[in-house]
Amino acid sequence: MSAGGVALGTGCLVFFLALGAGLQGVVNEVFPVSTREVEVVVPQLALGNLLGEQKIDDATVAKLRAVRGVAAAYPKMQLRIPAVSRYNGLFFGREVRMGLEVVATGLMPELVGPDARMPFEDHGEGQPVPVVANRRLLELYNKVFAPQRNLPRLTESMLIGFQIPLELGRSFVTARTLANPQETSMQLVGFSERATLAGVSMPLAAIQRINRKYGADADTYSSVLVRAQSADDVTDVAAAVRKLGLEIDDAEQRYAVQIGAAVELVTLALSLLAALITGLAAVNTMQAFYASVRERTREIGILRAVGATRSDVAAVVLAEAAATGLAGGVVGVVLARTVAALLDRLARTGLPDFPFKPPTFFSFRAEHVALGVGVALLAALLGALIPARAAARLDPAKALTE
Amino acid sequence: MSAIELRGITKRYPPREPGLPQLELLRGVDLTVHRGEFVAVEGQSGSGKSTLLHLLGGLDRDFDGAARVLGCDLRAVTDAELAALRHTQIGFVFQSFNLLPALTALENVLLPDFFGDGVPDAERRAREALDRVGLSDKAGARPAALSGGERQRVAIARALLARPPLLLADEPTGNLDASTGEGVIDLFRQLHWARWR
Ligand SMILES: Nc1ncnc2c1ncn2[C@@H]1O[C@H](COP(=O)(O)OP(=O)(O)OP(=O)(O)O)[C@@H](O)[C@H]1O
Ligand SMILES: [Mg+2]
């Protein structure tokens, strides 16, 4: 009976800890945060900015690369002219007519690396521009956009190699359309966490070439991704960045931290609840062991008669409590895992397919399981402490005549 | 040297209800028992036989007078020394409820081995003791599956495990029918004869 309470308490504890860890994992997937990288931008309200002095050019990037603790700096540049993509035709077996204003960012190919399945470099004017898209966009398309519009779901491999037209210098806002628009195309070459969430990412060289051709600024970068040599260097690097008159854009990081903190808080509250249950289980254990000691007074008398000391008797009671606690803890862990597996199955079949829906909401870590079993053991031992002392204090002669 | 040496032992119990006189059970008892003696104490129910036995076995130290058992001054030694005395020098058999119901006969016999410094060669001795009381085939049985006489014999086997020089038995036949009781008393005689002849 008391083992049941202990099992329930530790079961809840392990369950909530695993849920917290699982949700944290989901948050980390939605907001992948690197502890070694920062996005450096020009401050939006800098005096120098107003005067047109503060900007990120090759010299600034060189200075950033020279900062102590910086391993690499990757400049990024926005496409600074309007562009649209119009697509009329078959889209995976469906007739589609669509027109999109294209927002593009230029990335250094090294940043995309093996995420690009086809060459991610500028092939020159007249050639298709390779683009990479963010994986999260595909997830949003598949889970939100496609079901609403009755469009087919797509996988990365289905899309890679796909070409759509690109009209540079043209806008759906007539006033913005430039004098000499040009028709070319873009080809999806891969999906990457590095790609921008707003639009698509192109090779930096292609963006520079297009910006230059249309007379837009091709020397000033929009931002620089700076990678520190280690997570410990990030603080120093950030200070050096500020000294250069630049700023760190950590909006996404702050999101992740805030959501993570919320998850942690809820986990903490639920764990406290579990601790309360475990505490009640300890009280329950105490009552159970009191009853057991009272019931077995004669047995205790026999133990004393065959040579057990008072502390031997206490040890016998505590050993029994330890076994109860351990059994309760193991049952609790099994219980937590079973309930979690059931809920996961329910979520798989019962919940709609929302973006970033994880295959499991739980992450059972070895240290949580160990903590659960340890807490169960502790609760049972604490509960049995006073009954054990009472057993040790029994007068053997009286115990035998009970 | 005598095994038991009691001088002027007095045992009182506090009154059952306030206002009543306190119960004086033993009054100035002198008793000497030598090694190798086989002694029976007789008395009416409630006369204090069990009380005397608990006192002799160091289970009850709340008395007046001087008591030496196997050279040990019962009122002078520590709790731990008293436990050691019971463990190595004294075997107890009670009237009833001698065994732990959760343990097998063999485990019950082995019980003293769990305490103090254990018992040398306990497993072999336990089987020998069970053999000695004629229960070698019941080693794995739990008390509930044994008859009253068998249970008492398991208790005797346990009392023999540490080969103590002093056996204290409190009405060991009290709960047995006449012929089974005879058998148990015979067993005590044999054990005594084998050790002290
Ligand atoms: N803790 C106690 N407090 C008060 N009185 C007690 C206590 N223990 C025993 N007695 C009383 O002491 C008396 C003697 O008890 P004891 O068990 O020694 O008698 P006995 O000779 O063994 O009797 P029996 O033959 O029935 O076993 C009884 O009247 C009993 O009620
Ligand atoms: Mg009695």
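Scroll up for the structure.
Now for a description of the structure that goes with this document. (Residues numbered from 1 in each chain as written. Chains lettered and ligands numbered in written order. Predicted model: local features only at pLDDT ≥ 70, side-chain atom pairs only at ≥ 80, totals over all residues. Heavy atoms only, no water.)

What about empty space enclosed by the protein?
At step 1: Scanning the model with the defined rule gives two cavities of 30 Å³ or more in all.
At step 2: Volume-wise, the largest cavity comes out at about 80 Å³.
At step 3: Lining the largest cavity are A305 and V306 of chain A together with R86, H87, I90, G91, F92, P112, R158, A159, A162 and P164 of chain B.
At step 4: Of all the secondary structure elements, the ones that give two or more residues to the lining of the largest cavity are α2 (79-89), β5 (90-93) and α5 (148-160) of chain B.
At step 5: The leading source of residues in the lining of the largest cavity is β5 of chain B, at three residues.
At step 6: Taken together, the residues of the lining of the largest cavity sort by class into eight nonpolar, two polar and two charged.
At step 7: Lining the second largest cavity are G124, E125, G126, Q127, V129, L168, Q182, T184 and R209 of chain A.
At step 8: Here the residues of the lining of the second largest cavity are counted per class, giving two nonpolar, five polar and two charged. (1 Å grid on protein atoms, 1.4 Å probe; cavity = no way out; pocket = protein on both sides within 12 Å on 5 of 7 lines; lining within 4 Å. Points joined across faces, edges and corners; volume = space filled by probe spheres on them. Helix = DSSP H or I, 4+ residues; strand = E, 2+ residues; numbered from the N terminus. Nonpolar A, V, L, I, M, F, W, Y, C, P; charged D, E, K, R; others polar.)

So, the environment of G20 of chain A
Residues and elements named next belong to chain A.
At step 1: In this structure, G20 sits in helix α1 (residues 2-30).
At step 2: For G20 and E39, which are 19 residues apart along the polypeptide, the C-alpha to C-alpha distance reads 29 Å.
At step 3: Among residues more than four places away in sequence, those in contact with G20 are V263 and T267. (Contact = heavy atoms within 4.5 Å.)

Description of the environment of E125 of chain A
Residue and element names in this part refer to chain A.
At step 1: With respect to the helices, strands and loops of the structure, E125 is situated in the loop between α4 (109-112) and β6 (129-133).
At step 2: Given a relative accessible area of 48%, E125 falls into the partly exposed group.
At step 3: It is 8.6 Å that separates the C-alpha atoms of E125 and I210, two residues lying 85 residues apart in sequence.
At step 4: A polar atom in the side chain of E125 sits 3.1 Å from the side chain of K213. (Buried < 20%, exposed > 50% of the residue type's maximum accessible area, 1.4 Å probe, protein only. Polar contact = N/O pair within 3.5 Å; in protein donor to acceptor, adjacent residues only side chain to side chain.)

Details of the interface of chain A and chain B
At step 1: Each partner contributes residues to the interface: chain A has 18 residues there, and chain B has 21 residues.
At step 2: Put simply, chain A and chain B have one salt bridge between them.
At step 3: Across the pair D79 of chain B and R310 of chain A runs a salt bridge whose closest N-O atoms are separated by 2.9 Å.
At step 4: Where chain A packs against chain B, one counts three residue pairs in polar contact (both at pLDDT 80 or more).
At step 5: Listing elements by their share of the side of chain A that touches chain B, those giving two or more residues are α10 (297-305), α11 (310-350) and α13 (396-401) of chain A. (Salt bridge = Lys/Arg side-chain N within 4 Å of Asp/Glu carboxyl O.)

Keep in mind these numbers describe shape, not what the thing actually does.
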